[in-house]
Amino acid sequence: MKIKELFPLLEEMAPLAYAEEFDNVGLLVGNQDNEVSGILVCHDALEGVIDEAIAKNCNVVVCFHPILFSGLKKITGKNYVERSIIKAIQNDIAIYAVHTALDNHKNGVNKIFCDALGLKNTKILVPKQNFIQKLITYTIPENAEQVRNALFDAGAGKIGNYEDCSFNSQGIGTYMGNENSNPEIGERFEFVEAPEIKIEVTFEKHLQSKILKALFTNHVYEEVAYEIYDLQNAHQNIGLGMVGELESPMNESEFLALVKDKMQCGGIRHSSLLGKSVSKVAVLGGSGSFAIKNAIQAKADVFITADLKYHNFYEAENQIVLADIGHFESERYTKNYIVDFLKEKITNFAIVLSEENTNPVKYL
């Protein structure tokens with residue numbers, strides 16, 4: 001298998017189109033045409049992880065955090081990023097990052113987080129905006145089913161827990177072809193009035209080229225009339241963070257003790273306890289201060305995340321308990337999930353879970 005043949009599998013798990021605009025995901029280092037000898041999965045592709053990949057005959061490192069995040073003007077080995085990149089290039093090791101592509105997936109980082117805490121009835125905390133488009137097209141009734149099915153097969157028509165969603169209405173279409181036309185119905189220079197079906201479907205915007213290819217391939221008209229609109233609807237199944245419910249309510253201290261145990265925290269920084277029972281919990285792996293208001297609006301009793309600053313804790317406003325469990329800790333089971341996913345898909349070479357602890361934060 002060549003490295004580039006891994007991309008569809010990795011995108012099935014973490015579609016690159018789901019990543020945030022600021023992020024740097026996908027293949028960061030390496031020749032995609034090289035054969036894969038083995039895959040090492042890690043949290044951070046540090047120099048010690050590259051050494052581990054060399055020792056274990058893995059020439060692909062799949063990492064959660066991108067080792068290359070902002071632009072490099074020089075690669076001289078003066079810092080940990082440059083040293084990792086130099087060693088990877090010298091040893092022909094490819095590095096592929098998933099980061100917010102997996103953060104935003106409904107089965108990704110935050111679902112893993114929820115599962116570790118035993119949360120049920122989970123849903124996205126901060127649904128992704130500006131990600132849905134609508135296609136409107138027109139065709140003759142005899143062609144409508146073929147066009148609809150082709151659009152569905154290309155990924156259109158998915159709304160929440162439903163598939164093959166469309167709206168269809170009848171009307172009269174008119175046209176007149178010029179000397180270069182080859183109309184399906186009527187003749188050149190003939191004014192035609194024909195029954196038509198208007199088909200409307202929504203789709204995730206990164207599928208647009210695939211959707212249009214399906215439309216043009218299956219439409220009978222020489223000139224296909226269509227319109228595409230950006231929608232303001234949030235995507236309820238893609239986004240950052242999650243909110244879920246405990247099987248049984250717990251008091252705040254007991255719940256934080258559970259979190260510390262399940263997430264293997266060195267410590268938890270939290271806002272004032274409110275003396276209430278905990279039933280609904282919001283989580284967001286990694287830096288999540290931006291979602292405090294979302295957690296409050298979701299009526300969560302506790303919001304668990306990382307990298308909260310001093311003044312962020314004031315934002316609890318006695319409405320919620322904010323808990324900072326540490327950045328690494330909030331994402332700790334992600335690499336295990338990636339390994340399990342890839343092992344189900346690939347059996348002809350090793351998928352190795354890195355043994356390197358890349359958490360830079362230590363506790364007394």
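Calculation criteria
Position numbers for residues count from 1 along each chain, tracking the sequence in the order it is written. Where totals are concerned, whole chains, interfaces and linings use all residues; where local detail is concerned, this predicted model gives features only for residues with pLDDT of at least 70, and gives and counts side-chain atom pairs only at 80 or more. Derived side-chain values reflect all non-hydrogen atoms in the structure, with water molecules and hydrogen atoms excluded from consideration. Two kinds of site are reported from a 1 Å grid over the protein atoms alone, namely cavities, where a 1.4 Å probe fits but cannot get out, and pockets, open sets with protein on both sides within 12 Å along at least five of seven lines, and residues are called lining when an atom falls within 4 Å of a point. Grid points are joined across faces, edges and corners, and a volume is the space filled by probe spheres set on the points. In DSSP terms, a helix is any run of H or I states spanning at least four residues, a strand is any run of E spanning at least two, and both are numbered starting from the N terminus. Here the term charged refers only to Asp, Glu, Lys and Arg, the term nonpolar to Ala, Val, Leu, Ile, Met, Phe, Trp, Tyr, Cys and Pro, and the term polar to all other amino acids, Gly among them. The pairing criterion is simple: DSSP has to find at least two bridges between the two strands. Note on contacts: a residue pair qualifies if any of its non-hydrogen atoms lie within 4.5 Å across the two residues. A fitted line through C-alpha atoms represents every axis, and for helices the fit uses only the stretch in contact; the resulting angles, taken between N-to-C directions, go from 0 to 180 degrees. Buried Ala, Val, Leu, Ile, Met, Phe, Trp, Tyr and Cys residues that are joined via side-chain atoms within 4.5 Å together make up what is termed a nonpolar core. To sort residues, take the accessible area from a 1.4 Å probe on protein chains only and compare it with the maximum for the residue type: under 20% means buried, over 50% means exposed, and anything in between is partly exposed. Think of a salt bridge as a Lys or Arg side-chain nitrogen and an Asp or Glu carboxyl oxygen that are within 4 Å of each other. To estimate the expected span of a helix, count its residues, drop one, and scale the result by 1.5 Å.

### Section: the layout of surface pockets
Empty pockets left among the atoms are what a rolling probe the size of a water molecule brings to light.
Working step 1: Size it by volume and the largest pocket reaches roughly 850 Å³.
Working step 2: In this structure, the largest pocket is lined by 33 residues; those nearest its centre are Y18, K158, E204, H235 and I238.
Working step 3: When residues of the lining of the largest pocket are traced back to their parent elements, those giving at least two are helix 1 (7-13), helix 6 (141-153), strand 8 (191-204) and strand 10 (235-251).
Working step 4: A total of four residues in the lining of the largest pocket trace back to one element, the largest contributor, which is strand 10.
Working step 5: Along the lines of polarity and charge, the residues of the lining of the largest pocket split into 13 nonpolar, 12 polar and eight charged.
Working step 6: The volume enclosed by the second largest pocket comes to roughly 690 Å³.
Working step 7: Looking at the second largest pocket, it is lined by 31 residues, and the ones nearest its centre are D44, H65, P66, H99 and H327.

### Let's talk about the sheet that holds strand 12 (residues 277-287)
Working step 1: The strand order across the open sheet formed by six strands is 5-10-12-13-14-11, and the pairing between neighbours is mixed. What marks the edges here is a single partner per strand, and that holds for strand 5 (120-128) and strand 11 (269-270).
Working step 2: When strand 13 (residues 302-306) meets strand 14 (residues 321-324), the two strands line up parallel, connected through four bridges. Paired with I304 across the two strands is A323, which belongs to strand 14.
Working step 3: Strand contacts of helix 5 (residues 109-117): strand 5, strand 10, strand 12 and strand 13, with the helix running at about 140° to strand 12, the strand carrying the most contacts.

### So, the nonpolar core
Working step 1: In this structure, I39 and L342 are the most contacted members of the largest nonpolar core, which totals 28 residues.
Working step 2: Setting aside residues no more than four positions away along its own chain, I39 makes contact with L6, C58, V60, V62, L342, I346, F349, A350, I351 and V352.
Working step 3: Residues L117, L246, F255 and V302 belong to the second largest nonpolar core, which totals 21 residues.

### Focus on the pattern of salt bridges
Working step 1: One pass over the structure, following the stated rule, counts 13 salt bridges.
Working step 2: One salt bridge in this structure joins E47 and K87, with 3.4 Å as the shortest N-O distance. Note that E47 is positioned in helix 2 (residues 47-55) and K87 in helix 3 (residues 80-90), a separation of 40 residues in sequence.
Working step 3: The residue K134 makes a salt bridge to E200 at a minimum N-O spacing of 3.2 Å. Of this pair, K134 sits in strand 6 (residues 132-139) while E200 sits in strand 8, and the two are 66 residues apart along the sequence.
Working step 4: For K134, a relative accessible area of 23% puts it in the partly exposed group.
Working step 5: A relative accessible area of 15% means that E200 is categorised as buried.

### Things to note about the side chain of T334
Working step 1: With respect to the helices, strands and loops of the structure, T334 is situated in helix 11 (residues 334-345).
Working step 2: Beyond its immediate sequence surroundings of up to four residues, T334 is in contact with F64, L102, V109 and I112.

### A word on the sheet that holds strand 15 (residues 350-353)
Working step 1: Read across the open sheet, the five strands follow the order 1-4-3-2-15; overall the sheet is mixed. If you trace the sheet from one side to the other, it starts and ends with strand 1 (26-29) and strand 15, each paired once. The average undirected angle you get between the axes of adjacent strands in this sheet is 30°.
Working step 2: Contacting strand 2 (38-44), strand 3 (60-65), strand 4 (94-97) and strand 15, helix 2 runs over the sheet at an angle of about 165° to strand 2.

### Section: helix 6
Working step 1: If you check helix 6, its first and last C-alpha atoms are 19 Å apart, about what 13 residues at 1.5 Å a residue would give, namely 18 Å.
Working step 2: For helix 6, every residue scored as buried is listed here: N143, A144, V147, A150, L151 and F152.
Working step 3: Those residues of helix 6 that are buried are in contact with strand 6, strand 8 and helix 7 (208-218).
Working step 4: Positioned one or two residues after helix 6, G155 has a phi angle of 115°, which is positive.

Keep in mind these values describe shape, not function.
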